[in-house]
Amino acid sequence: MITHEDNLLLCKVEGQSACGQMMRQHWIPICLSEEVSEADGTPVKARILGENLVVFRDSDGRVGVMDEKCPHRGASLLFGRNEEGGLRCLYHGWKMDVEGNVLEMVSEPQASAMAAKIKHKAYPVKEWGSFIWAYLGPQESLPEFVPPRWAPTAQTRVSVGKAILPVNWAQI
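Residues numbered from 1 in each chain as written. Predicted model: local features only at pLDDT ≥ 70, side-chain atom pairs only at ≥ 80, totals over all residues. Heavy atoms only, no water.

Trainee: Got a minute to help me understand the pattern of salt bridges in this structure?
Mentor: Close approach of charged atoms allows side chains with opposite charge to pair. A complete count under the given rule lists 11 salt bridges for this structure. The shortest N-O distance in the salt bridge between R24 and E51 comes to 2.8 Å. A residue pair is termed long-range when its members are at least 10 positions apart, and R24 in the loop between α2 (18-23) and β1 (27-32) and E51 in strand β3 (residues 51-57) qualify at 27 residues. In this structure R24 comes out as buried when scored by relative accessible area, which is 8%. Each of the salt bridges in this network shares a partner with another, and the network as a whole consists of R81, E83, R88, K95 and E104. (Salt bridge = Lys/Arg side-chain N within 4 Å of Asp/Glu carboxyl O. Helix = DSSP H or I, 4+ residues; strand = E, 2+ residues; numbered from the N terminus. Buried < 20%, exposed > 50% of the residue type's maximum accessible area, 1.4 Å probe, protein only.)

Trainee: Please explain the sheet that holds strand β6 (residues 86-88) as it appears in this structure.
Mentor: Paired through their backbone hydrogen bonds, the strands of a sheet run either parallel or antiparallel. Across the sheet, 4 strands lie side by side as β5-β6-β7-β8; this open sheet has antiparallel pairing. Where the open sheet ends on each side, the last strands, each with one partner, are β5 (81-83) and β8 (102-104). Note that β5 and β6 share 3 bridges and pair antiparallel. Bridge assignment links R81 to a residue of β6, and that residue is R88. (Pairing = 2+ DSSP bridges.)

If you want it as C-alpha coordinates, here you go:
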(Lines give C-alpha, C1' and ligand atoms only; values in the text may rest on other atoms or scores of the structure.)
Protein backbone atom coordinates (compact mmCIF):
# COMPACT_ATOMS: atom_id res chain seq x y z
CA MET A 1 0.00 0.00 0.00
CA ILE A 2 1.31 3.46 -0.88
CA THR A 3 1.47 6.39 1.47
CA HIS A 4 -1.00 9.26 1.39
CA GLU A 5 1.74 11.56 0.06
CA ASP A 6 2.62 9.14 -2.76
CA ASN A 7 -1.06 8.76 -3.61
CA LEU A 8 -1.39 12.57 -3.92
CA LEU A 9 1.74 12.73 -6.07
CA LEU A 10 0.33 10.11 -8.42
CA CYS A 11 -3.34 11.10 -8.51
CA LYS A 12 -3.59 14.87 -8.02
CA VAL A 13 -3.76 16.57 -11.43
CA GLU A 14 -5.12 20.01 -10.52
CA GLY A 15 -3.22 23.29 -10.40
CA GLN A 16 0.57 23.02 -10.39
CA SER A 17 0.66 19.39 -9.22
CA ALA A 18 3.49 17.26 -10.60
CA CYS A 19 1.23 14.71 -12.28
CA GLY A 20 -1.03 17.40 -13.72
CA GLN A 21 1.97 19.21 -15.21
CA MET A 22 3.20 15.93 -16.70
CA MET A 23 -0.21 15.16 -18.22
CA ARG A 24 -0.38 18.66 -19.73
CA GLN A 25 2.64 17.76 -21.87
CA HIS A 26 0.40 15.55 -24.02
CA TRP A 27 -2.65 15.99 -26.25
CA ILE A 28 -5.70 15.06 -24.15
CA PRO A 29 -9.15 13.94 -25.32
CA ILE A 30 -11.66 16.56 -24.17
CA CYS A 31 -14.99 15.33 -25.53
CA LEU A 32 -16.51 13.34 -28.36
CA SER A 33 -16.77 14.98 -31.78
CA GLU A 34 -20.47 14.11 -31.87
CA GLU A 35 -21.06 16.28 -28.78
CA VAL A 36 -20.16 19.38 -30.81
CA SER A 37 -21.09 18.15 -34.29
CA GLU A 38 -23.28 21.11 -35.24
CA ALA A 39 -21.79 24.43 -36.37
CA ASP A 40 -23.08 27.22 -34.10
CA GLY A 41 -24.59 24.50 -31.87
CA THR A 42 -24.93 24.48 -28.10
CA PRO A 43 -21.59 24.72 -26.24
CA VAL A 44 -20.53 21.71 -24.14
CA LYS A 45 -18.91 21.72 -20.70
CA ALA A 46 -15.80 19.66 -20.00
CA ARG A 47 -13.73 19.36 -16.83
CA ILE A 48 -10.17 18.20 -17.42
CA LEU A 49 -7.18 18.35 -15.03
CA GLY A 50 -9.18 20.52 -12.66
CA GLU A 51 -10.11 23.09 -15.31
CA ASN A 52 -13.65 23.93 -16.31
CA LEU A 53 -13.73 24.29 -20.08
CA VAL A 54 -16.29 25.08 -22.75
CA VAL A 55 -16.17 23.36 -26.15
CA PHE A 56 -17.97 24.65 -29.25
CA ARG A 57 -17.93 24.47 -33.05
CA ASP A 58 -18.07 27.82 -34.82
CA SER A 59 -19.89 28.80 -38.02
CA ASP A 60 -16.96 27.55 -40.15
CA GLY A 61 -16.82 24.17 -38.39
CA ARG A 62 -13.70 24.98 -36.35
CA VAL A 63 -13.70 23.64 -32.79
CA GLY A 64 -12.77 25.77 -29.81
CA VAL A 65 -11.73 24.64 -26.32
CA MET A 66 -11.44 27.51 -23.86
CA ASP A 67 -11.78 28.49 -20.24
CA GLU A 68 -15.43 28.39 -19.22
CA LYS A 69 -15.28 31.80 -17.47
CA CYS A 70 -15.63 34.94 -19.58
CA PRO A 71 -12.54 37.16 -19.21
CA HIS A 72 -14.75 40.19 -18.54
CA ARG A 73 -16.79 39.31 -15.47
CA GLY A 74 -16.35 35.55 -15.05
CA ALA A 75 -19.80 34.55 -16.30
CA SER A 76 -20.07 31.00 -17.66
CA LEU A 77 -19.61 30.80 -21.42
CA LEU A 78 -21.53 27.53 -21.31
CA PHE A 79 -24.65 29.69 -21.50
CA GLY A 80 -23.18 31.80 -24.31
CA ARG A 81 -24.62 32.15 -27.80
CA ASN A 82 -22.59 30.36 -30.42
CA GLU A 83 -23.06 32.65 -33.40
CA GLU A 84 -21.36 34.01 -36.50
CA GLY A 85 -17.81 32.81 -35.88
CA GLY A 86 -17.63 33.00 -32.11
CA LEU A 87 -19.09 32.41 -28.68
CA ARG A 88 -20.88 35.41 -27.19
CA CYS A 89 -21.13 35.80 -23.41
CA LEU A 90 -24.71 36.48 -22.39
CA TYR A 91 -23.70 38.72 -19.50
CA HIS A 92 -22.12 41.70 -21.30
CA GLY A 93 -21.95 40.50 -24.91
CA TRP A 94 -18.23 39.90 -25.39
CA LYS A 95 -17.63 37.53 -28.29
CA MET A 96 -14.56 35.25 -28.57
CA ASP A 97 -13.39 33.08 -31.45
CA VAL A 98 -11.97 29.53 -31.15
CA GLU A 99 -8.47 30.94 -30.60
CA GLY A 100 -9.56 33.18 -27.71
CA ASN A 101 -9.46 36.43 -29.68
CA VAL A 102 -12.07 38.93 -28.52
CA LEU A 103 -14.04 39.76 -31.67
CA GLU A 104 -16.61 42.13 -30.20
CA MET A 105 -17.20 44.16 -27.06
CA VAL A 106 -20.66 45.62 -27.46
CA SER A 107 -20.13 47.89 -24.44
CA GLU A 108 -17.11 49.59 -26.07
CA PRO A 109 -17.24 52.31 -28.74
CA GLN A 110 -16.60 51.11 -32.30
CA ALA A 111 -13.21 52.90 -32.42
CA SER A 112 -12.00 51.32 -29.15
CA ALA A 113 -8.85 49.16 -29.39
CA MET A 114 -9.56 47.39 -26.10
CA ALA A 115 -10.61 44.08 -27.73
CA ALA A 116 -7.19 43.73 -29.36
CA LYS A 117 -5.50 43.95 -25.94
CA ILE A 118 -7.38 41.01 -24.40
CA LYS A 119 -6.96 37.34 -25.21
CA HIS A 120 -9.14 34.68 -23.62
CA LYS A 121 -7.55 31.41 -22.47
CA ALA A 122 -8.01 28.99 -25.38
CA TYR A 123 -6.14 25.83 -26.28
CA PRO A 124 -4.83 24.29 -29.52
CA VAL A 125 -7.35 21.74 -30.81
CA LYS A 126 -7.23 18.72 -33.10
CA GLU A 127 -10.21 16.61 -34.15
CA TRP A 128 -9.26 12.98 -34.71
CA GLY A 129 -10.65 9.48 -34.12
CA SER A 130 -14.11 10.79 -33.11
CA PHE A 131 -12.57 12.91 -30.32
CA ILE A 132 -11.80 16.56 -29.76
CA TRP A 133 -8.20 16.72 -28.46
CA ALA A 134 -6.54 19.73 -26.82
CA TYR A 135 -3.07 20.58 -25.64
CA LEU A 136 -3.26 22.21 -22.19
CA GLY A 137 0.47 22.64 -21.59
CA PRO A 138 2.85 25.52 -22.29
CA GLN A 139 2.33 26.83 -25.82
CA GLU A 140 6.07 27.26 -26.36
CA SER A 141 6.48 23.46 -26.08
CA LEU A 142 3.48 22.47 -28.22
CA PRO A 143 4.17 18.94 -29.49
CA GLU A 144 3.03 17.66 -32.86
CA PHE A 145 -0.26 15.78 -32.62
CA VAL A 146 0.38 12.06 -33.06
CA PRO A 147 -2.78 10.07 -33.88
CA PRO A 148 -3.61 7.29 -31.44
CA ARG A 149 -2.67 3.78 -32.60
CA TRP A 150 -6.34 2.78 -32.70
CA ALA A 151 -7.08 5.53 -35.27
CA PRO A 152 -3.89 5.92 -37.32
CA THR A 153 -5.57 7.65 -40.27
CA ALA A 154 -8.48 10.03 -40.67
CA GLN A 155 -10.27 7.32 -42.68
CA THR A 156 -10.00 4.65 -39.96
CA ARG A 157 -13.49 3.74 -38.77
CA VAL A 158 -13.85 3.58 -35.00
CA SER A 159 -16.69 3.17 -32.54
CA VAL A 160 -16.38 5.26 -29.42
CA GLY A 161 -18.33 5.28 -26.17
CA LYS A 162 -18.18 7.63 -23.22
CA ALA A 163 -18.63 6.93 -19.54
CA ILE A 164 -18.15 9.36 -16.65
CA LEU A 165 -16.76 7.49 -13.66
CA PRO A 166 -16.30 8.89 -10.15
CA VAL A 167 -12.63 7.83 -9.97
CA ASN A 168 -9.24 9.39 -10.65
CA TRP A 169 -7.23 8.64 -13.79
CA ALA A 170 -4.97 6.08 -12.07
CA GLN A 171 -7.89 3.96 -10.87
CA ILE A 172 -9.10 3.29 -14.40
